[in-house]
Amino acid sequence: MRVVALISGGKDSTYNMMQCIAAGHTIVALANLSPAKKTEIDSYMYQSVGFEAIDYIASAMELPLYKIETKGESKERGKVYVPTDEDEVEDLYKLLKQVMDDIEIDAVSCGAILSDYQRVRVENVCSRLGLVSLAYLWQRKQEELLEEMIKCEIDAVLIKVATLGLDPQRHLRRSIRLLEPHLKAMHDKYGLNVCGEGGEYESLTLDCPLYTSRIIIEESEIVMDSKDAIAPVGYLKLNKLNLEKKLPQLDLTGRLSGLQIKDSDSYVTDPGEDAVAETETEESISDGNGKETFDNEEINQTENTSRSGDGWLWIGGIAGVSDNNPEEAFTKAMDKLKCSLEANNHNLEDLCGISMYVADMSQYAELNKLYCETLNHVNPPTRACVQVPLPKHCPVILEAISWKNPNASGDNKIEKMTMHVQSISHWCPANIGPYSQAAKIGDLIHLAGQISMVPGSMLMVSGGIKAQCKLSLRHVERLLRGIDPNCDLRDVVQGICYLSDQRHVEDARKLWEEKTNNAIMDYIVVSGLPRNALVEWHVWGHTHNNQFEYEETGQCIQDWSISIFRRWNYENNIAAIVCHVDNIESNTMLTAAIFRETLDYVLQKLNQAHEYDPNSICNLKIFYPVTKNVCTYSFISVLDEYRKTIALVHTIVPVVALSGKNSFLSICGVRTQ
């Protein structure tokens, strides 16, 4: 892509440009917002100190520079940015619009590392202009990042300090290479961010492989903003600068040669972590279940809902029905979703997560367009999408979970947090559709389905199932930590691992059980996944997962074996189960009677200690393999009987196979209060 780079003069914007080039992009111009009063300003968005060097950087890189002035005033400081007149973000919009009017660009380079405030606003401007945000430093570990910058020959000096452990008289004009040990020592002693992400310091890049000339500071002076005895604040005023040609004169390729600049694939394996040894290739496993066809009877399920007293709304069984017109079916399904929300005094903005089961993944682009038209608000719900062998006249099934604060005006207000990262980075895949990566309400965290895309390139990782499992689970863990720094993979309570081939179940199970803490996972074989992935993880977690109990129980009904894996928290206001129904006789039929007894057992365990609680809501995902003899036409009538006495929401989904070859039915259930 053709990239315009937002530059402040510091090391972060410089190194992000180098990362853009390593990813195959071309820097075609530079852009900068300079302080209107030609002095340092206290901006929430931009580094202003060192503005005197911006023109020299453009000359050193031999690139056009676009620059406008900003007052650095922040009018809209919320977590979600709404375009606001006279806000400094609108200055960025004007600047990038000016660049677009003059030259062709596709993307914007942004050096954000940890600042959601900055990232959200750059993404907002990029979205409005149809540009892609490239933030390859996002969420990088700062110690590793600083080391990389130094190894890649970024010669940056400190030009402002504002923290305990850094002194203007001692540390200004000193290079990050020389200060690296001191910065790490101050991190250990005082918690200083070694890359200055907490505003501890600002830097100026005097030289790097992108420059054809080196910037020389000939005259400067220290300006003290604060002479505080503990943490004095001061910056370097650059009075006279010059450029010194670098010899020998090399082109960009020559200047970058020999440097240890990683490309996107190099960030798939974390430092100190061994790469997955993988002999199986994507091509060797691609001839699997996805190309088979299945006969399947109509399920005739209808949307069903239930709402809890603490604001949760479960919606299941939304079937999009149409004769040979998937777009019409999808539109009908979305209309049903909106009606269910409205009937329960919820709206689209309250949605937390949606599961999409589609008959043909090749129609994803058309369906996604319709999805975008409906869910076009900021911070949309999380989403998982898989292809399953649906009946001919039902090409899509939806289920959803929504939350609306029942005590919005009270003192005990619970906040809904959403992670919607649209920038391409080396951290996690940017959302490739109108969905968020994670949503957190109270102690509960819901994630979008995760496949093994390489974040920096947005292409699928090479290798087979082990490589895909490892990378996609890394995405899950990073998203959990991203939305709550105290969470990780061991805080997952329950999930579904969708696989495109039953032969991969054991590989996925083994890796999952190595990394988690009693999380109950169901393994479902489907006919296709986004981007032809081999695996997709769809999980939810709890910030106090270490307080959840775990048990395995089971019983036999005639020749049928029913196994249940159950988890519940200390207060027992939330519980989860995974149930498998097996029979070694592959040609036998799972009848309505067996289904009823199974449901009895599932609901008994799910509602244990809450059998007569009118506030309990049970949500069930019921999976059955179309290759087995399952009496699905009777499921709805049995479920309707239960709905007369308890709050029950259900979605019935036909699939290719379950975790075991003898499995006829799998039920994933959740109870909330």
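Residues numbered from 1 in each chain as written. Predicted model: local features only at pLDDT ≥ 70, side-chain atom pairs only at ≥ 80, totals over all residues. Heavy atoms only, no water.

Trainee: Describe in detail the environment of N300, supporting the description with residues and values.
Mentor: Note on placement: N300 falls in the loop between α9 (282–285) and β10 (304–307). Taking the C-alpha atoms as reference points, N300 and G317, 17 residues apart in sequence, are found 9.3 Å from one another. (Helix = DSSP H or I, 4+ residues; strand = E, 2+ residues; numbered from the N terminus.)

Trainee: Quick one: what's the story with the sheet that holds strand β15 (residues 416–419), residue by residue and with numbers?
Mentor: Pairing is mixed in the open sheet, where six strands are placed in the order β15-β16-β17-β22-β20-β21. Strand pairing shows two members of the sheet lacking a second neighbour, β15 and β21 (520–525), which therefore form its edges. Direction aside, the axes of adjacent strands within the sheet are offset by 15 degrees on average. The strands that helix α12 (residues 465–483) touches are β15, β16 (438–441), β17 (444–447), β20 (492–499) and β22 (535–542); relative to β22, the one it contacts most, it runs at about 30 degrees. Against the sheet, helix α13 (residues 505–515) engages β20, β21 and β22, with an angle of about 160 degrees to β21. (Pairing = 2+ DSSP bridges. Axes fitted to C-alpha atoms, helices over the stretch in contact; angles between N-to-C directions. Contact = heavy atoms within 4.5 Å.)

Trainee: Break down α12 for me, with residues and values.
Mentor: Taking 1.5 Å of rise per residue, the 19 residues of α12 would be expected to cover 27 Å, and the 27 Å separating its terminal C-alpha atoms lies within 8% of that figure. For α12, the tally of buried residues reaches 14 of 19 residues, placing the bulk of the element in the interior. (Expected span 1.5 Å × (residues − 1). Buried < 20%, exposed > 50% of the residue type's maximum accessible area, 1.4 Å probe, protein only.)

Trainee: Could you give an account of the pairing of β22, with specific residues and numbers?
Mentor: Where burial is concerned, most of β22 is hidden: eight out of the eight residues are buried. Here β22 shows no split at all, with V535, W537, V539 and G541 on one side and E536, H538, W540 and H542 on the other all buried. As defined by bridge partners, β17 adjoins β22 across three bridges and the pair is classed as antiparallel. Looking at the pairing, L444 lines up with H542 of β22. As defined by bridge partners, β20 adjoins β22 across seven bridges and the pair is classed as antiparallel. Along β22, the bridge assignment pairs L499 with V535.

Honestly, that's just the spatial picture; any functional story needs more than this.
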